[in-house]
Amino acid sequence: MKITITPCILFLWLFAASCHFEENRRLKEALALAGDNRSELEKILAHYADDPEKSKAARFLVENMPGHSGVTTADIKKLQPFYLQHAAISEKHNWERTSVWEKEIDEWWKMHKGEIFFPRMQQDIRTVRAEWLINEIDRSFKAWKENAYTRDMALDDFCRYILPYRFMERICMDNCRDVFYKRHAGWFGDRKKDFRDVTDSLNLLYKEVMHSNWAAASMPVYDVATFGQIKRGLCSDRAWFNCLLLSSLGMASSIDMVPSWGNRSGGHTWNSLVIDGETNPFEPFWDEDRWKYKRIYNNECFDLLWGKSRLPKVFRLSFEWNSDGPLEDRKADGNDVPALFRTPFLRDVSDQYFRTTDVHIEITEEKPEDARYCYLCVFGIPDWIPVQWGKIERDGSVTFKKMGRDIVYAPMFYENGKLLPAAPAFLLNRKGECEAIGCNGKRTEINIHTYTSFFDVKDVLKIKRDISGSILVASNDPEFETADTLYCITDSLDVWENEWHFPNAKKYRYVRLIPARDTIALCEISFYEKGFELPIRDIRIAVEGETPDALIDGFSATGWKGKLKKGESILFDLGKERDIGKCFLAPYTPPYFPPEQDIELCYWDNRWVAFDTRENNGSLHLKFDGVPEGTLYRTRIKGYKDRIFMYKNGEIRWF
């Protein structure tokens, strides 16, 4: 009989053979790295030889174990005196996170941090014991099959999200998941209940474990018992705590993180549950609106209190080895890889949060010798921060995959710990289109009144209170005996820029702003005719007895705040009947420059160029004439975290 192998079947056979070879290679490499501990790993594999599912799970752990490490229980015992002192201070303050508590904890930390013993990490592959890992595997399978929400998930997903004994490096391998299982076994046994409510009811039991409010923020926490003892930590600490808790009960858990925000300083770490293949992110610490991240991390909406969060990337911390990236490229110099990408335990899950764009650029700057990768950066602390890599093609082009929108990026090389410009900066706009950023040869006037776009929650509430509830109405009758409502301003308001489009078929000459209370506070309001890029400038404005021209002077850095009589409003005369397409509104934001500090305006021209430096003389806003137009700007002040901005039509747009 003649057997014919089609090209398709041959490909599948070769692919399966290569996968099997790869698995064997990884297992052999892991066992070789185990050294004297090899016999312990072989005991684990032999133990499950007759159980296909558990055998695959054991191989998954062993194959991906190289590179993982943590501390020992003996080292944690050496740190107990410090944990006891930390807890004693909190107990003295009734476990309340007051400013007095923060100050005392910080002072204690400054005094004793030099005495803190930072343990040397022990490699899992050389220290894990067969009996312990067999218990972990058996309990994980038991919890999985008892969990009504995950028992039908694929074995591969079980291995990724329930099986791992480690969700973050440095954490001690102990019996905490056994403890959690014994406490809460069967917690997720009823699928009729919303898994969010069930998860919240569990996390409520650990509500007292709170964020440290950055007091003694670098205090090392290496195990669940210590975290429960001092009851304070960072988002990353609570995230691994939650993963150990939830996975011990068979919930598919992960730690997701944004390495650096695209519009503010710092980053964030949180948790996700993977249910029916869908990512369900939630705030790691207890919060009244714990499940809002799917809504506010979509790069389109914003939080009512914290404003816009723009995410360039979301990575998932994984136990599984990710062989993609510059770390795995043997031809790449490891010293020329940014810290973020020096771990193989990251998975890109950006497209599970927001619409993404693959960005393709051409390198325009001289490439360092032997450079094989380019990095896409966002502005952070203290400057540009890499958030994605792309391999340089032979034609000098680079593609950065799955990038978040509405963010300014700068392509960079990374050499000897330094970032070097590779191509011009650009804005990846809300539509997923790249808008070039750079000096266009023209000069402009720039007005600024602060160095950052970030406000405290109390300030945000006050800014919104002064304008929310107000109404914009339009008419061709100056007495407004007949009028149409254009927009009702709610608290769904951004504190810096709001743009509202009007699908009206009518033309109007007059617009009236009817306030919700006796105070109006605005930095700028401007109206645009349909089809025009520039706002209407020949507007007259009036409040009885006053002319608050700062509201329409074309600069969002100036503003007007005043009291109105009962029934009084602000009238805008557009000069003639106009087809109003949109309105731009910037609420009143308080001017602020730190006292007795030099204020330096810089612009981006493939590097930061200092344009001018002013001494703060108490001015409410500063004006700079003749500044290169069309690029990025920042107000640099020593010791302060500034943000970059673009400037067009007098309007500041922060990034």
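Residues numbered from 1 in each chain as written. Predicted model: local features only at pLDDT ≥ 70, side-chain atom pairs only at ≥ 80, totals over all residues. Heavy atoms only, no water.

(A) Quick look at the overall build of the chain. If you tally the helices and strands in the chain, you get 15 helices and 35 strands. Each of the three principal axes of the chain carries a C-alpha extent, and together these read 90 × 70 × 55 Å. Across the 655 residues in the chain, those meeting the buried criterion constitute 52%. Looking at the chain alone, contacts between residues at least 24 apart form 72% of all its contacts between residues at least 6 apart. Surface accessibility of the chain: about 31,300 Å² in total, with carbon and sulfur atoms responsible for 51%. Taken as two groups, the 92 positive and 101 negative side-chain charges of the chain have centres that lie 2 Å from each other. (Helix = DSSP H or I, 4+ residues; strand = E, 2+ residues; numbered from the N terminus. Buried < 20%, exposed > 50% of the residue type's maximum accessible area, 1.4 Å probe, protein only. Contact = heavy atoms within 4.5 Å. Areas by Shrake-Rupley, 256 points an atom, 1.4 Å probe, with all protein chains shown as cover. Lys, Arg positive; Asp, Glu negative; His and termini not counted. Charge placed at Lys NZ, Arg CZ, Asp CG, Glu CD.)

(B) Region of interest: the sheet that holds strand E25 (residues 519–529). The 4 strands are arranged E23-E29-E25-E27 in an open sheet whose pairing can be described as antiparallel. The open sheet terminates on both sides in strands that have one partner only, identified here as strand E23 (498–501) and strand E27 (560–563). Sheet twist, expressed as the average angle between the axes of neighbouring strands with direction ignored, equals 35°. (Pairing = 2+ DSSP bridges. Axes fitted to C-alpha atoms, helices over the stretch in contact; angles between N-to-C directions.)

(C) Expanded view of the sheet that holds strand E34 (residues 644–648). Spatial ordering of the open sheet is given by E31-E30-E33-E34-E35, a layout of 5 strands whose pairing is antiparallel. The sheet is open, and its two edges are formed by strand E31 (608–615) and strand E35 (651–654), each paired on a single side. Sheet twist, expressed as the mean angle between neighbouring strand axes with direction ignored, is 30°. By the bridge criterion, 4 bridges tie strand E30 (residues 598–604) to strand E33 (residues 633–636) in an arrangement that is antiparallel. Bridging across to E33, Leu 601 finds its partner in Thr 635.

(D) Structural detail: helix H15 (residues 457–465). Inspection of H15 places Val 457, Val 460, Ile 463 and Lys 464 among the buried residues, and these make up the whole buried set. Here the buried residues of H15 occupy an arc of 120° about the axis, which is enough to place them on one side. (Arc of directions from axis to C-beta.)

(E) Geometry of a nonpolar patch on the surface. A surface patch of nonpolar side chains, amounting to about 440 Å² of accessible area, comprises Leu 304, Leu 305, Trp 306, Phe 454 and Leu 461. For Leu 461, the position within the fold is in helix H15. (Patch = residues over 30% accessible without salt bridge, like charges linked within 9 Å, V, L, I, M, F, W, Y side chains within 5 Å. Salt bridge = Lys/Arg side-chain N within 4 Å of Asp/Glu carboxyl O.)

(F) Region of interest: the packing of aromatic side chains. All told, the structure shown has 41 aromatic pairs when counted by the stated rule. Between Trp 144 and Phe 158 the ring centres are 4.2 Å apart and the planes differ by 15°, which places this aromatic pair in the stacked class. Of this pair, Trp 144 sits in helix H8 (residues 130–146) while Phe 158 sits in helix H9 (residues 155–161), and the two are 14 residues apart along the sequence. As far as burial versus exposure is concerned, Trp 144 and Phe 158 are alike and both buried. (Phe/Tyr/Trp six-rings, centres within 6.5 Å; stacked < 30°, edge-to-face > 60°.)

(G) Expanded view of the pattern of salt bridges. Throughout the structure, instances matching the rule amount to 45 salt bridges. Taking the shortest distance from any N to any O, the salt bridge between Glu 497 and Lys 308 comes out at 3.5 Å. With Glu 497 in the loop between strand E22 (484–488) and E23 and Lys 308 in strand E9 (residues 307–308), the pair connects residues that are 189 residues apart, well separated along the chain. Assessed through its relative accessible area of 14%, Lys 308 is described here as buried. Linked by salt bridges that have partners in common, Lys 308, Arg 310, Asp 406, Arg 430, Glu 497 and Arg 653 make up one network.

(H) How the structure looks around the environment of Ser 272. As for its placement among the helices and strands, Ser 272 is situated in strand E6 (residues 268–275). When the C-alpha atoms of Ser 272 and Ala 252 are compared, they prove to be 8.4 Å apart, with 20 residues separating the residues in sequence. Aside from chain neighbours lying at most four places away, what touches Ser 272 is Ala 252, Ser 253, Ser 254, Asp 256, Thr 279, Asn 280, Pro 281, Phe 282, Arg 316 and Tyr 353.

(I) Structural view of the confidence of the model for the chain. Of all residues in the chain, 96% attain a pLDDT of 70 or more, and the chain-wide mean is 92. Here residues 1–21 is modelled with pLDDT under 50, and outside its nearest four sequence neighbours on either side it reaches 1 contact, counting other chains as well. (pLDDT = per-residue confidence, 0-100.)

(J) How the structure looks around the packing of H8 against helix H10 (residues 176–184). It is the contact of H8 with H10, at a shortest axis distance of 11 Å, that shows an interaxial angle of 30°. In terms of orientation, H8 lies roughly parallel with respect to H10. Between H8 and H10 lies a crossing whose hand is left-handed. Along the contact surface, H8 presents Asn 135, Glu 136, Arg 139, Ser 140, Lys 142, Ala 143 and Glu 146, while H10 presents Arg 177, Asp 178 and Tyr 181. Taken together, the residues of the contact of H8 with H10 break down into 2 nonpolar, 2 polar and 6 charged. (Parallel < 35°, antiparallel > 145°, perpendicular 65-115°, else oblique. Left-handed = near helix turned anticlockwise from the far one by under 90°. Nonpolar A, V, L, I, M, F, W, Y, C, P; charged D, E, K, R; others polar.)

(K) Quick look at the pairing of strand E7 (residues 278–282). Where burial is concerned, most of E7 is hidden: 4 out of the 5 residues are buried. When E6 meets E7, the two strands line up antiparallel, connected through 5 bridges. If you follow Ser 272 over to E7, its bridge partner there is Pro 281.

(L) A look at the nonpolar core. Counting residues in each nonpolar core, the largest one holds 50 residues, and the members touching the most others are Phe 188, Met 219, Trp 240, Phe 241, Met 251 and Leu 273. Looking at this core, the elements with two or more residues in it are helix H5 (80–92), helix H6 (99–112), H10, helix H11 (195–203), helix H12 (224–230), helix H13 (235–247) and E6. Formed by 33 residues, the second largest nonpolar core is a distinct cluster that contains Leu 27, Ala 57, Val 62 and Trp 144. (Core = buried A, V, L, I, M, F, W, Y, C linked by side-chain atoms within 4.5 Å.)

(M) Spatial organisation of the packing of helix H3 (residues 52–63) against H8. The N-to-C vectors of H3 and H8 enclose an angle of 125°; their axes lie 11 Å apart at closest approach. Overall, the two elements H3 and H8 adopt an arrangement that is oblique. In the crossing of H3 with H8, the sense of the turn from one axis to the other is right-handed. In contact with Glu 53, Lys 54, Ala 57, Ala 58 and Leu 61 of H3, H8 contributes Leu 133, Ile 137, Asp 138 and Phe 141. Per-class residue counts for the contact of H3 with H8 are 6 nonpolar, no polar and 3 charged.

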